Amino acid sequence: LQETRLMIIDVEDAFMNYFTTNMVNIVGHGNDSIGIYRSKFPDDGWNEGIAVFAELRESHSSVYEFEKIGLRIMVRTKDKKHTFYLAQNVDDLIDRFVHKNLDSNVELSIAKRNSGPNFFPGDNDSFHYGIMLYSTIVRYRGNDA
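Thresholds, definitions, all that
Residues numbered from 1 in each chain as written. Predicted model: local features only at pLDDT ≥ 70, side-chain atom pairs only at ≥ 80, totals over all residues. Heavy atoms only, no water. Patch = residues over 30% accessible without salt bridge, like charges linked within 9 Å, V, L, I, M, F, W, Y side chains within 5 Å. Areas by Shrake-Rupley, 256 points an atom, 1.4 Å probe, with all protein chains shown as cover. Salt bridge = Lys/Arg side-chain N within 4 Å of Asp/Glu carboxyl O. Helix = DSSP H or I, 4+ residues; strand = E, 2+ residues; numbered from the N terminus. Buried < 20%, exposed > 50% of the residue type's maximum accessible area, 1.4 Å probe, protein only. Core = buried A, V, L, I, M, F, W, Y, C linked by side-chain atoms within 4.5 Å. Contact = heavy atoms within 4.5 Å. Pairing = 2+ DSSP bridges. Axes fitted to C-alpha atoms, helices over the stretch in contact; angles between N-to-C directions.

So, about a nonpolar patch on the surface. The grouping of F84, Y85 and F119 at the surface amounts to a nonpolar patch, some 290 Å² of accessible area in total. Here F119 shows up in strand 5 (residues 106–121). The class of F119 is partly exposed, set by a relative accessible area of 36%.

If you want it as structure tokens, here you go:
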């Protein structure tokens with residue numbers, strides 16, 4: 001029998017790396033870049049950006065090679081129209097993709113948008129937000145031989 005190794009898949013970091021690598025597809029062909037954050041936007045951050053949150057199984061400590069992930073992507077900009085474009089560009093990078101390497105360790109085996117983008121203004125700031133929810137399966141590539 002082949003030994004099955006357990007590992008922790010850092011999905012949020014993999015998506016952050018993927019979005020950073022594909023910044024030109026997110027913001028256009030200028031030299032602009034936006035912040036990419038883990039889980040939520042920082043309280044003291046007043047930049048436009050993307051927040052990536054991966055919801056794992058409740059009992060998550062170690063996972064097998066494949067893992068089902070609920071993924072929430074939130075975008076924010078100071079302009080409502082730009083929030084729409086940013087959400088659309090992010091969605092173009094991940095919705096309905098099969099077997100796409102996010103980084104050297106994690107492969108996006110499949111992704112499907114479940115809801116969104118839903119747009120709303122910030123309560124206590126001047127930002128416009130958009131949120132999208134995805135069902136994904138990721139694969140740890142460290143076991144590839």
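From this point on, the discussion continues.
Excluding glycine, residues mostly have negative phi values, and the peptide bonds linking residues are mostly trans. The amide bond that connects G116 to the next residue, P117, takes the cis arrangement and shows omega of 5°. Structurally, P117 can be placed in strand 5. If you check the backbone angles, S39 has positive phi at about 75° while not being a glycine. For S39, a relative accessible area of 23% puts it in the partly exposed group.

Our next topic: the nonpolar core. Grouped together as the largest cluster of nonpolar side chains are 30 residues, with contacts concentrated most on F15, F19, I50, I73, V90 and I94. Elements with a contribution of two residues or more to this core: helix 1 (11–21), helix 2 (23–27), strand 2 (49–55), strand 3 (66–77), helix 3 (80–94), strand 5 and strand 6 (128–140). The residues touching F19, leaving out its near neighbours within four places in the chain, are I26, I36, I50, V52, I73, V90, L93 and I94. Y37, A51, M74 and F127 belong to the second largest nonpolar core, which has six residues in total.

Our next topic: the sheet that holds strand 3. Read across the open sheet, the six strands follow the order 1-2-3-6-5-4; overall the sheet is mixed. Looking at strand neighbours, the two that pair on one side only are strand 1 (35–38) and strand 4 (98–101), the edges of this open sheet. With strand direction ignored, the average angle separating the axes of adjacent strands in the sheet is 35°. Pairing of strand 2 with strand 3, which is carried by seven bridges, proceeds in the antiparallel orientation.

Counted according to the given criterion, the structure contains seven salt bridges. Put simply, D95 and R96 hold a salt bridge, and the shortest N to O gap is 4.0 Å. A salt bridge links E107 to R139; the shortest N-O distance between them is 2.8 Å. Here the residue E107 occupies a position in strand 5, and R139 occupies one in strand 6, the gap between them amounting to 32 residues. Given the relative accessible area of 13%, R139 is considered buried.

The quantities given are spatial measurements derived from coordinates; they are silent on function.
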